[in-house]
Every structure is written in structure tokens, then in C-alpha cells.
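Spelled out, the chains give:
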Amino acid sequence: GSWIFGFAVKFYPPDPSVLIEDITRYYLCLQLRDDILSGRLPCSFVTHALLGSYTVQAELGDYDTEEHGPDYVSEFHFAPNQTRELEERVMELHHNYRGMTPAEAEMNFLENAKKLSMYGVDLHHAKDSEGIDIMLGVSANGLLIYRDRLRINRFAWPKILKISYKRSNFYIKIRPGEPSLTSALFLLHFRALPCPFIQDQEPGIPIDSKPEQFLDKPEDVLQKHQASINELKRALKQPNSKKAPREKRLPSATPPAGTPERKTVRLTSCS
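Residues numbered from 1 in each chain as written. Predicted model: local features only at pLDDT ≥ 70, side-chain atom pairs only at ≥ 80, totals over all residues. Heavy atoms only, no water.

Each strand in a sheet pairs with its neighbour through backbone hydrogen bonds, running either in the same direction (parallel) or in the opposite one (antiparallel). Taking strand neighbours across the sheet as the criterion, the four strands line up as S1-S2-S3-S4 in an open arrangement whose pairing is antiparallel. Pairing within the sheet leaves two strands with one partner each, and these edge strands are strand S1 (122-127) and strand S4 (150-156). Taking each pair of neighbouring strands and ignoring which way they run, the sheet shows an average axis angle of 25°. (Pairing = 2+ DSSP bridges. Helix = DSSP H or I, 4+ residues; strand = E, 2+ residues; numbered from the N terminus. Axes fitted to C-alpha atoms, helices over the stretch in contact; angles between N-to-C directions.)

To continue, consider the nonpolar core. With 37 residues, the main nonpolar core has Leu 32 and Phe 109 as its most contacted residues. For this core, the elements supplying multiple residues, two or more each, are helix H1 (22-38), helix H2 (45-60), helix H3 (84-94), helix H4 (102-113) and strand S3 (142-147). A per-element tally of this core places H2 first, with five residues. Listed in part, the nine residues of the second largest apolar core include Ala 126, Phe 155, Ile 160 and Ile 172. (Core = buried A, V, L, I, M, F, W, Y, C linked by side-chain atoms within 4.5 Å. Buried < 20%, exposed > 50% of the residue type's maximum accessible area, 1.4 Å probe, protein only.)

This brings us to the confidence of the model for the chain. Mean pLDDT over the chain stands at 75; residues scoring 70 or higher make up 65%. Every residue in residues 180-187 is under pLDDT 50, and counting partners more than four places away or in other chains gives 24 contacts. (pLDDT = per-residue confidence, 0-100. Contact = heavy atoms within 4.5 Å.)

Next up on the list: unusual backbone geometry. Notably, Asp 148 is not glycine yet its phi reads approximately 55°, a positive angle. On the basis of relative accessibility, which here comes to 69%, the residue Asp 148 falls in the exposed class. One non-glycine residue, Arg 149, adopts positive backbone phi at about 65°. Tracing the backbone shows Arg 149 in the loop between S3 and S4. The exposure class of Arg 149 is partly exposed, given its relative accessible area of 43%.

A few words now on the packing of H1 against H4. The axes of two packed helices give the description: the angle between them and the distance between them. It is the contact of H1 with H4, at a shortest axis distance of 10 Å, that shows an interaxial angle of 50°. Relative to H4, the element H1 lies oblique. In this structure, H1 meets H4 at a crossing whose hand is left-handed. Of the residues in H4, those in contact with Asp 22, Arg 25, Tyr 26, Leu 28, Cys 29, Leu 32, Arg 33 and Ile 36 of H1 are Glu 106, Met 107, Phe 109, Leu 110 and Ala 113. Looking at the contact of H1 with H4 residue by residue, the class counts come to nine nonpolar, no polar and four charged. (Parallel < 35°, antiparallel > 145°, perpendicular 65-115°, else oblique. Left-handed = near helix turned anticlockwise from the far one by under 90°. Nonpolar A, V, L, I, M, F, W, Y, C, P; charged D, E, K, R; others polar.)

For the structure shown, the criterion picks out seven aromatic pairs. Geometrically, the ring pair formed by Tyr 26 and Tyr 27 is tilted, given 6.1 Å between the ring centres and 45° between the ring planes. On the accessibility criterion, Tyr 26 (27% relative accessible area) is partly exposed. Ring geometry for Tyr 63 versus Tyr 72: centroids 5.6 Å apart, planes at 35°, classification tilted. What makes Tyr 63 buried here is its relative accessible area of 19%. A relative accessible area of 7% means that Tyr 72 is categorised as buried. (Phe/Tyr/Trp six-rings, centres within 6.5 Å; stacked < 30°, edge-to-face > 60°.)

Attention now goes to H2. Taking 1.5 Å of rise per residue, the 16 residues of H2 would be expected to cover 22 Å, and the 22 Å separating its terminal C-alpha atoms lies within 8% of that figure. Each element contacted by the buried residues of H2 is listed here: H1, H3 and H4. Note on H2: the residue one or two positions beyond its end, Gly 61, has a positive phi of about 85°. (Expected span 1.5 Å × (residues − 1).)

Turning next to the pattern of salt bridges. Counted under the stated rule, the structure contains twelve salt bridges. The closest approach of N and O atoms between Arg 25 and Asp 22, which form a salt bridge, is 2.1 Å. Taken together, the residues Arg 25 and Asp 22, both in helix H1 and three residues apart, mark about one turn of the helix. Take Asp 22: its relative accessible area is 45%, and that puts it in the partly exposed class. Between Arg 84 and Glu 88 there is a salt bridge, with its nearest N and O atoms 3.4 Å apart. In this pair, Arg 84 and Glu 88 are both assigned in helix H3, four residues apart and thus about one turn of the helix distant. (Salt bridge = Lys/Arg side-chain N within 4 Å of Asp/Glu carboxyl O.)

Written out as C-alpha cells, the structure is:
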């Protein structure tokens, strides 16, 4: 079969206005349009219309009655389930953008897109410490916990002291005293691969419970690593090592010139 290769944005900037190059903002707009159209970035009807109008302004420029017909926006795709009502609202907003440059339209697009709750959130299937299926969202602001498509908790990066893992179990240590649904540790059982966004999971369809390996190596590889470690331990324990012994430096009576003399202070208990 044929392969489809494409570029995609991996790290979404929290503030797109800091992007200097126009081409960078344009690529980010393309990625967000694809996220919205595929349903990975859910929007309301009002937001779909607003972002769609900025897309039309950036691509076509000012509205022209002689050039643009009654259905000139039908060639664009703004939403997964695009309707005629949405297209009419997009055209109505587009008529008011006379004089807006494509760069300004793209900036307005990004400024409104960054306010969406799922902007820049990378979702993964996981289980909490009680074995309940959840979704873990990773973003620039922190870790987000979703259950039944609703966010139930949020861990900002400044509140996270440590993230550790053991096989497929991830432990998140929270700063003491921070109010959260967990006391100190939050256990997550990751699946093998990143999952589609929440909207791609149809309601009522159970998540595949087949165990998958994550960060686990094959058994033969683990045995080879363990054998190497044991051999290294035995070599270190042997008194006659093949390594050349280091020369011991004898203490001199007077320190070298330019080196301050070190003094040792011994502390004794008063008992």
C-alpha cells in the first residue's frame, strides 16, 4: 500500500502572538484547521463561524460582490458536520472584515483558537489508581485528567514535584498542601500508543482492554542486560583487577605555592 507523509505541529505555543515569522503562524493555522475539521479540537457553533470567517478572509481577502457568488464559502471546510446555516454565518462575518490583511486574519484566528479548552492538549488512554478508565491530557500548562469527556482534575507543572515510572505505571508526586483529588501520588496506567482525541471515541464503545506493552523490553533483551550487569559486579569485586592502579599522592609537609593550607576541624559531642 501507499504511504502518506505529512508534517504536523508537535508543540503548540501557549501564546501564538510571540511567533515572529508569518510563515510559522500560517503553518500553525493549517494545523489548527485540520484539528478542528477532524474533531480533535471541538468548537461551538459560534466559534466555528468566527474561525471560519477569519480563514476565508486570509484566503480570499475582502468580500467582492462581483467576484464572490452566493455560495463562495462552500469550497471551504470549517467543521466536521458543516451546515448551510454555518456557511451563511461565516459569509455574514466575512463581509465586515474589509481592509483586514491575511496576516491580521491569521493572528485573529490564533488568538481565538488558543482560548479553546482542548487547544494544545495531547490525549492518552490511561487508568487511575482504582483501575478506572480515564484520559490523560498533556499540555504546556500541566496534566489534565478527563473522565467521560469531562475534566475532573488539573495538575499545573509548578505543583508537580516529581514524575517517575515503573514499567507502565507512572507516579506523579504533588507538592504538599495543594488541594487535589489525590494526596501525594497519582498512579496512571498508560496504554502502548497515544489514542485519538476524546471526540474520536464513540460513546458506548468500550476501550480495548487487551494488555499492551509500554516501555517494556523483550525477555531476551532483559536477560542480556542482567547478565552484563552481573558480570560487571563480579569484575568490581575481584581484588586483582586488570585496571592499572592509581598512584597514591603522598601528603607533603608544606602545601604548594599559591594553595591555601587546609585545616581539619573535628567536632566532638558535649555528652
